[in-house]
Amino acid sequence: MTQEPTPTLRRRSAPLQFHLEPTPIARALQVLVAAMALAAVTSPSMVRAQQSGDVDSGLTLRSGGMLQENLSPELRRQVPTFVYGEQIEGKNDGNTVIEGDAELRRHDQVIRADRIEHDQSTGDTKAIGQVRIQRNGDRFSGPRLEMNVNTDKGFFEQPEYRLLKNEGTGNASRVDFLDKDHMQVHEGTYSTCPRPPGGGAWKPDWLVRGKRIDLDQVEDVGYAYSGVLEFKDVPILAAPILSFPISDARKSGFLSPAVGVDSLNGFEVKAPYYFNLAPNYDLTLTPTLMGKRGVDVEADFRYLMPTFTGQARAALLPSDRLRDENRWFYSQQHFQRLPSPVGALVLGMNLNRVSDNNYWRDFERVADTKWGRLLPSGGNLAWYYGNWMVSAGANVYQTLQDETSRIIPPFNQLPQVSAAYNRFDLNLLGLPEWEYQFFANNSRFRRSFLDTDNTRVKDGGDRFMASAILTRRWQAPGWYVQPRARLHAAQYKFDDTIGSPLTKSRVVPSLSVDSGLIFERNADMFGRSFVQTLEPRIFLAYTPFRDQNELPNYDSGFVDYNFMSMFWDGIYGGNDRISDLKAMTVGLSSRLLDVGTGAEILRLGIAQRYLFDDIRVTLPGRSIIPKGMDDLLLAARLQFNRHWSLDSTFQFNQETRESTRKTIGGRYTPGDHKVISAAYRFQRDRSEQLDLGWQWPLSDLFGKLPDPLRGKAYGPGQWYTVGKINYSIEERKPIEVIAGFEYDAGCWLGRVVLQRQQTSSTTRNQKIMFQLEFNGLASLGTGSLQNLGDSIPRYKALRDGEIVPSRFENYD
């Protein structure tokens, strides 16, 4: 790193006093001469001459790497001190006085003032008049400074300060520097609200005030004694000791609280507290006061170890006043690698349990999960060795029943044992490039539930199944063919309707061939160059009929009808029903690929399956599927640029000439915090819904406003509107509504969100939530309204991502 040549004190045998007043022209000439000398040394001709041996300059160029942020204590004591000023007087190893634009520089310190006195032998330094100091990127300014530049100890009178890591700033009557990383601010303030440009009165929207504020830059934490948190000059929190972070690093403390009114729970206050226990595990406690119910406490513990990782959540609401019972919730996910002398041993667990059937209706932590009213729990121990996998485990479900809409629970598997073998070549059998797969499972199925007439129903049985697959893919540029053979066998032990034990079995073979062609051509459309493809595909499947009506059904059901399932050799998922499918599927797709990036701009597809014979293997309560043309499937996807996207799928029944199912969705994302998405979903005789989601700055809707501060400038903030609406067209009412506003003031965020959710066919829950978030004191990612990101497609938090600043960003 090059520096402007400045007068420096050099070691001599006798005391020396001198007086220097360099002119601006002299300074410019010094810089020019230094630059020419450096260019001559590093010129290509000079370097080539040195490499060839023609020139022996005695100068070797070495890579210096990155500028070092920190030096060891030994190196810091050896670094030189550079001084500059209009007048410099000093003695060797004695006191030096710099006046007029005085400046003193060391590795990580810069001091500027009207007058600087520096003792070379001790490191003691005094600065008077318009003093400015930079320490590791932190800046201080005030009238008077005294400190030792070797030990970093001293004090600063009436300073204004600004920290590097999160741009925290404040005032004080005095700052005591205890060492390089610790300081005490007396009668001071702290805030992340920026100061106005060009100076002037600083009146932040929020600040922490204290008789003394200790700033620890090792732990990145501040402690305000007799601390008060003020917002808009109004005290909102006070404590004998108030701690807060001074960087984006994790730190124990209160997260952003949220206040709301709930039609079901009444007045509600959430105050999460975060415990940064260690770099690899933490805990968040969230007490919630609900006016109609009581106090609910939730704990969220996350851990990450060398051989295992996971998360555990639990909540307890003792003596719920509305339900007159204790309410609780527990969830844990755990993954661990266990020691094994041979192969790899892996343990996985997923546990979910609640206290009662109404929990999903009363609390968001269950209502918002992907399982809804079916909470799975299970564990699995798997051993991997080469091509083999052997596992043992259990899976159970807690079914949350609703008297107005009862559901039949799935079967529990207590226990299940599986084995699998995969090999991607059969060279030993003379079948190179053939792939072989084998899978076997033995499960004990059981369930117990109340029927509609409140009678207890218990059923289940044992099943052993095995499946073997042999396949190979032949392919070349422009075509592929892949035959596939499968053999599926199962044996059952169960009780019939009168309780007599039965044993039944079945074996079903299947054959299929998948083939396709790929044609390409260059195309110019819309002023752009593309590669256009045409991809016909034919799939043949043959599975003979095997009577399975007397076999129980533990886990089979219809697979979703889509482009993937149409090119598969069955119509059922699970292992209890193997469909007698004799069919041919014909499909055609075309794509437009960008020549420069290879990105897919447009995809069009059409496919239809023809059944050569009736499908007589049916699910319980279902009728035979007649032969003939199956539903026609059409799909289109357009991604013309990164801002616009459109996706649609149509399922059309040719006999009724009606759409069986259709989905149309689009999204517009022109930039950060700007997204609008809409989707229409229709399924005949089942549902018809419209979804709308958005996040958008109001300035784009109601006139251009100044950009938000984001901690970089001083001025007004920015309003955003966010929301999601799921509307049932058949019922003519919204199923779920989330709508609100966010305000980004640069150093704080404000939110107000309205949520309306249908909890049953006749009941719904409505709430409104308020939240303040002070930049530098809490994070949205662990705040109380994080469900915005879970509910709104492509929602982006106004504050996300960590920035690790460098002291060289503020280098003077």
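Keep in mind that this is a model prediction, so the values were computed, not measured.

Attention now moves to the overall build of the chain. If you tally the helices and strands in the chain, you get six helices and 46 strands. When the 812 residues of the chain are sorted by exposure, 40% land in the buried category. Per element, the accessible surface of the chain, about 43,900 Å² overall, is 56% carbon and sulfur.

In this section: the packing of aromatic side chains. For any pair of aromatic rings, the description consists of the separation of the ring centres together with the inter-plane angle of the planes. For the coordinates displayed, the defined rule picks out 28 aromatic pairs. Taken together, a centroid distance of 5.6 Å and an interplanar angle of 55° make the contact between F231 and F774 tilted. With a gap of 543 residues between them, F231 in strand β13 (residues 221–231) and F774 in strand β46 (residues 764–774) connect regions that are remote in the sequence. The exposure class of F774 is buried, given its relative accessible area of 8%. In this structure an aromatic cluster arises from ring pairing among W206, F231, W719, Y743, W748 and F774. A cation sits over an aromatic face here: R537 above F567, 4.0 Å from the ring centre. The ring of W696 carries the charged tip of K674 above its face, separated from the ring centre by 5.9 Å.

The next subject is the environment of D324. Mapped onto the secondary structure, D324 falls in the loop between β21 (308–320) and β22 (325–338). Along the backbone, D324 and R293 are 31 residues apart, and their C-alpha atoms lie at a distance of 9.1 Å.

The next subject is the confidence of the model for the chain. The predicted model of the chain has a mean per-residue pLDDT of 83, with 83% of residues at 70 or higher. Across residues 704–715 the pLDDT falls below 50, and counting only partners more than four positions away or on other chains, this stretch makes 33 contacts in the model. Of the regions scoring below 50 in pLDDT, residues 779–784 engages in 16 contacts with residues more than four places distant in sequence or in other chains.

What follows covers the state of the cysteines. Inspection of the entire model under this criterion finds one disulfide. The side chain of C193 participates in a disulfide bridge whose partner is C747; the two sulfur atoms lie 1.9 Å from each other. The chirality of the disulfide connecting C193 with C747 is right-handed, given an S-S dihedral of about 70°. With a gap of 554 residues between them, C193 in the loop between β11 (182–190) and β12 (206–216) and C747 in the loop between β44 (733–744) and β45 (748–758) connect regions that are remote in the sequence.

Turning to the pattern of salt bridges, a few remarks are in order. The tally for this structure, following the rule as stated, stands at 49 salt bridges. A salt bridge links R681 to D691; the nearest nitrogen and oxygen atoms lie 2.6 Å apart. Taken together, the residues span a long stretch of sequence, with R681 in strand β41 (residues 674–683) and D691 in strand β42 (residues 687–697) at a distance of ten residues. Overall, R681 belongs to the partly exposed group, its relative accessible area being 33%. Given a relative accessible area of 15%, D691 falls into the buried group. Each member of the salt-bridge network shares a partner with another, and the members are R293, D320, R323, R327, D356 and D362.

As a further point, take unusual backbone geometry. A cis amide bond links L414 to the next residue, P415, at an omega of -5°. Even without being a glycine, K232 presents a positive backbone phi close to 55°. Its place among the elements puts K232 in the loop between β13 and β14 (234–245). Phi at R732 takes a positive value of approximately 55°, unusual for a residue other than glycine. Its relative accessible area of 71% is what places R732 among the exposed residues.

Our next topic: the environment of Q184. Relative to the helices and strands, Q184 is located in strand β11. Exposure remark for Q184: the relative accessible area of 18% places this residue in the buried category. For Q184 and R174, which are ten residues apart along the polypeptide, the C-alpha to C-alpha distance reads 8.3 Å. Discounting chain neighbours no more than four positions away, the residues touching Q184 are R174, V175, D176, L178, R212, I213 and D214.

Let's shift gears to the environment of P143. Summarising the element assignment, P143 is placed in strand β6 (residues 138–148). Assessed through its relative accessible area of 36%, P143 is described here as partly exposed.

Once that is clear, we can look at the nonpolar core. Counting residues in hydrophobic clusters, the biggest one holds 41 residues, and the most contacted among them are I111, L145, Y190, W206, L215 and F244. If you tally residues by element for this core, the top one is β12, at four residues. Sequence-distant contacts of L215, defined by excluding residues within four places in its chain, comprise Y161, L163, D181, H182, M183, V185, V221, G222, F244 and I246. Counting 15 residues, the second largest nonpolar core, distinct from the first, contains A541, Y572, I615 and L633.

The rules behind each value
Residues numbered from 1 in each chain as written. Predicted model: local features only at pLDDT ≥ 70, side-chain atom pairs only at ≥ 80, totals over all residues. Heavy atoms only, no water. Helix = DSSP H or I, 4+ residues; strand = E, 2+ residues; numbered from the N terminus. Buried < 20%, exposed > 50% of the residue type's maximum accessible area, 1.4 Å probe, protein only. Areas by Shrake-Rupley, 256 points an atom, 1.4 Å probe, with all protein chains shown as cover. Phe/Tyr/Trp six-rings, centres within 6.5 Å; stacked < 30°, edge-to-face > 60°. Lys NZ or Arg CZ within 6 Å of the ring centre and 35° of its normal. pLDDT = per-residue confidence, 0-100. Contact = heavy atoms within 4.5 Å. Disulfide = S-S within 2.5 Å. Salt bridge = Lys/Arg side-chain N within 4 Å of Asp/Glu carboxyl O. Core = buried A, V, L, I, M, F, W, Y, C linked by side-chain atoms within 4.5 Å.

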